[in-house]
Structure formats: structure tokens, C-alpha cells
Amino acid sequence: MLNRPVRYRPIPLSAAREALTGLGLEPYQVTHTLSTFSNVIAGNIQARGSDLPALLPAKPRPVRDQILQALAAAAGSS
């Protein structure tokens, strides 16, 4: 693992809009992203299940395993 703390710091949607606009995104991309953020904050976007296993040829691997594998590969290439 990274062996360092990761903190969640919520920011106002106005600050998120400013940051996204500063990245050079198209206006519709900024609006769509802010809409997604708003829905997540309101609790309207929650996974209740997944169709992914039915779509993949093999059982999905845990994301944590993929992250650890990528970190190990990056550390080995340094």
C-alpha cells in the first residue's frame, strides 16, 4: 500500500466548476460532471448490483489487486 494517509476534502460545486473549467473542458463536459457530482452527493447514484460478471469472459478481479499490481510494477520500473 502507499503507507500514507488519504484525506477526503469536499469542495463546493462552485469550486469544482471553476477547477473543471480551468482544465479546458468543453462546457457540456463541465455541466455533466457537476450533475454527476450533485447526484452522488444527494445519494442518487448507488450501485445496487452489477452486470459486469455476465459481460466478461472471466470473473472480475478485485480493484485493490489491480492497484497493488500497478504500484508494484511502477516501483520495479523506477
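### Concerning the overall build of the protein
- The secondary structure content of the protein amounts to four helices and zero strands.
- Going from the N terminus to the C terminus, the protein shows its helices and strands as α-α-α-α.
- Taking 78 residues into account, the globule formula puts the C-alpha radius of gyration at 12 Å, and the protein, at 18 Å, lies well above it.
- Along the first, second and third principal axes, the C-alpha set of the protein runs to 40 × 35 × 25 Å.
- Taking all 78 residues of the protein together, 5% fall into the buried category.
- Accessible area of the protein: about 7100 Å², with a carbon and sulfur share of 59%.
- Considering the protein, the positive charge centre built from 8 side chains and the negative charge centre built from 4 side chains are found 12 Å apart.

### Comments concerning the environment of L52
- Structurally, L52 is set in helix 3 (residues 52–55).
- Distance from L52 to R17, taken between C-alpha atoms, is 31 Å for residues 35 residues apart in sequence.

### Re the confidence of the model for the protein
- Residues at a pLDDT of 70 or more form 97% of the protein, whose mean pLDDT is 89.
- Averaged over each element, pLDDT in the protein is lowest for helix 3 (88) and highest for helix 2 (residues 27–41) (95).

### A look at the environment of N39
- Along the chain, N39 turns up in helix 2.
- Among the polar contacts made by the side chain of N39, one reaches the main-chain carbonyl oxygen of S35 at a distance of 2.9 Å.

### Considerations on the packing of helix 1 (residues 13–22) against helix 2
- Closest axis-to-axis distance for the helix 1/helix 2 pair is 10 Å, and the angle between their directions is 150 degrees. Of the possible angle classes, the one that applies to helix 1 and helix 2 is roughly antiparallel. With respect to the hand of their crossing, helix 1 and helix 2 are arranged in right-handed fashion. The segment helix 1 lies against helix 2, with L13, A16, R17, L20 and T21 engaging V30, T31, T33, L34, F37, S38 and I41.
- For the contact of helix 1 with helix 2, the class distribution of residues is seven nonpolar, four polar and one charged.

Rules and cut-offs
- Residues numbered from 1 in each chain as written.
- Predicted model: local features only at pLDDT ≥ 70, side-chain atom pairs only at ≥ 80, totals over all residues.
- Heavy atoms only, no water.
- Helix = DSSP H or I, 4+ residues; strand = E, 2+ residues; numbered from the N terminus.
- Rg over C-alpha atoms; globule rule 2.2 N^0.38 Å.
- Buried < 20%, exposed > 50% of the residue type's maximum accessible area, 1.4 Å probe, protein only.
- Areas by Shrake-Rupley, 256 points an atom, 1.4 Å probe, with all protein chains shown as cover.
- Lys, Arg positive; Asp, Glu negative; His and termini not counted.
- Charge placed at Lys NZ, Arg CZ, Asp CG, Glu CD.
- pLDDT = per-residue confidence, 0-100.
- Polar contact = N/O pair within 3.5 Å; in protein donor to acceptor, adjacent residues only side chain to side chain.
- Axes fitted to C-alpha atoms, helices over the stretch in contact; angles between N-to-C directions.
- Parallel < 35°, antiparallel > 145°, perpendicular 65-115°, else oblique.
- Left-handed = near helix turned anticlockwise from the far one by under 90°.
- Contact = heavy atoms within 4.5 Å.
- Nonpolar A, V, L, I, M, F, W, Y, C, P; charged D, E, K, R; others polar.

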